[in-house]
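Chain by chain, the residues:
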Amino acid sequence: MPIEYRRLTENELDTFIEMRINQLREEGSKENIDLRPALKDYYLRHLVDGTFVSWLAFDGEKIVGTSGMSFVEKPPYFACPSGRIGLLSSMFTNTDYRRKGIAKELLSRVVKEAKDFGCGTVQITASDMGVKLYTDFGFVHNENFMQYKL
C-alpha cells in the first residue's frame with residue numbers, strides 16, 4: 001500500500017502529540033513535566049488561526065511520519081523583507097519507515113506551505129539525524145543564531 005499524505009486535523013491530534021513526545025525523547029530531551037496539555041493547547045489554537053500547519057504520512061490509517069511549520073512575524077529585515085518566518089518542527093518518521101523519502105516529501109509540503117503563507121525564510125534547530133536531510137534540501141547553517149533561556 002502506498003504512503004498517503006494528508007494535512008493534520010484535530011482528529012489526529014492525540015496521536016500527533018504522542019509522536020512529538022516520542023521524537024523529543026529520541027532526541028534526548030529530559031522529561032520533567034507532562035507536556036501533553038501545553039502541546040494540545042498550542043496545536044488547537046494555531047491550527048484554528050492558521051499559524052501552524054502539519055502534513056502527515058499514513059500507511060493505511062497508521063501515521064508513520066509527521067511534520068510541522070509554525071508561522072511567526074517579526075519586523076522585516078533585508079534577508080526577509082516580509083518579516084514572515086516559518087519555524088520547522090515535528091519532523092519525525094517511524095524507525096521502520098526511514099530512508100524511504102517520506103521525510104523529504106513531508107518537508108517539501110510544509111516548506112511550500114511557508115512559501116504560500118509569504119514567509120521569506122524557514123528556520124529549524126536540527127537534530128543530528130536531520131542535518132543531512134535539511135542540507136540535501138538546501139538549508140544552510142546560519143552562524144548568527146543564539147539563544148537565551150528565560
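None of the values given here were measured: they were computed from a predicted structure. (Residues numbered from 1 in each chain as written. Predicted model: local features only at pLDDT ≥ 70, side-chain atom pairs only at ≥ 80, totals over all residues. Heavy atoms only, no water.)

Chemist: Explain the pattern of salt bridges residue by residue, including any values.
Modeler: This structure, assessed with the given rule, holds 12 salt bridges. Measuring nitrogen to oxygen at the nearest pair gives 2.9 Å for the salt bridge that ties Glu26 to Arg98. Taken together, the positions of Glu26 in helix H1 (residues 13–26) and Arg98 in the loop between strand E5 (84–93) and helix H3 (102–117) put the pair 72 residues apart, joining distant regions of the chain. By relative accessible area, Arg98 is classed as partly exposed at 24%. In this structure, Arg45 and Asp41 form a salt bridge, with 3.1 Å as the shortest nitrogen-oxygen distance. Linking Arg45 with Asp41, this pair stays in helix H2 (residues 36–49), spanning four residues, or about one helical turn. (Salt bridge = Lys/Arg side-chain N within 4 Å of Asp/Glu carboxyl O. Helix = DSSP H or I, 4+ residues; strand = E, 2+ residues; numbered from the N terminus. Buried < 20%, exposed > 50% of the residue type's maximum accessible area, 1.4 Å probe, protein only.)

Chemist: A description of the layout of surface pockets should follow, citing residues and the corresponding values.
Modeler: Roughly 220 Å³ of internal volume is contained in the second largest pocket. Lining the second largest pocket, in full, are Ile21, Leu24, Arg25, Ser29, Lys30, Glu31, Asn32, Ile33, Asp34, Leu35 and Arg36. Ranked by the residues each element gives to the lining of the second largest pocket, the list is headed by H1, at three residues. (1 Å grid on protein atoms, 1.4 Å probe; cavity = no way out; pocket = protein on both sides within 12 Å on 5 of 7 lines; lining within 4 Å. Points joined across faces, edges and corners; volume = space filled by probe spheres on them.)

Chemist: Explain the nonpolar core to me, and be specific about the residues and the numbers.
Modeler: By size, the foremost hydrophobic cluster in this structure holds 18 residues, and its most contacted members are Met69 and Leu88. Listing elements by their share of this core, those giving two or more residues are strand E3 (55–59), strand E4 (62–73), E5 and H3. Counting residues per element, this core draws most heavily on H3, which supplies five residues. Core analysis: the second largest hydrophobic core is formed by 13 residues, Leu13, Phe52, Phe58 and Ile63 among them. (Core = buried A, V, L, I, M, F, W, Y, C linked by side-chain atoms within 4.5 Å.)

Chemist: Run through the side chain of Glu12, naming residues and quoting values.
Modeler: Along the chain, Glu12 falls in the loop between strand E1 (4–7) and H1. Nearest to the buried, unbridged Glu12 among oppositely charged side chains is Arg6, at 5.0 Å. Apart from residues no more than four positions distant in its own chain, Glu12 is found in contact with Arg7, Leu56, Phe58 and Ile63. (Lys, Arg positive; Asp, Glu negative; His and termini not counted. Contact = heavy atoms within 4.5 Å.)

Chemist: Give me the lowdown on the packing of aromatic side chains, citing residues and values where you can.
Modeler: Per the counting criterion, the structure on display carries eight aromatic pairs. Considering the side-chain rings of Tyr43 and Phe52, the 4.9 Å spacing of their centres and the 45° angle between planes classify their relative orientation as tilted. For Phe52, a relative accessible area of 2% gives the class buried. Relative to Phe139, the ring of Tyr134 lies with its centre 5.6 Å away and its plane at 65°, an arrangement referred to as edge-to-face. In this structure, Tyr134 and Phe139 share a single accessibility class: buried. Each member of the aromatic cluster is reached from another via a ring pair, and the members are Phe16, Tyr42, Tyr43 and Phe52. Residue placement shows Arg84 over the ring face of Phe117; its charged tip is 4.9 Å from the ring centre. Taking NZ or CZ as reference, Arg109 lies 4.7 Å from the ring centre of Trp55, over its face. (Phe/Tyr/Trp six-rings, centres within 6.5 Å; stacked < 30°, edge-to-face > 60°. Lys NZ or Arg CZ within 6 Å of the ring centre and 35° of its normal.)

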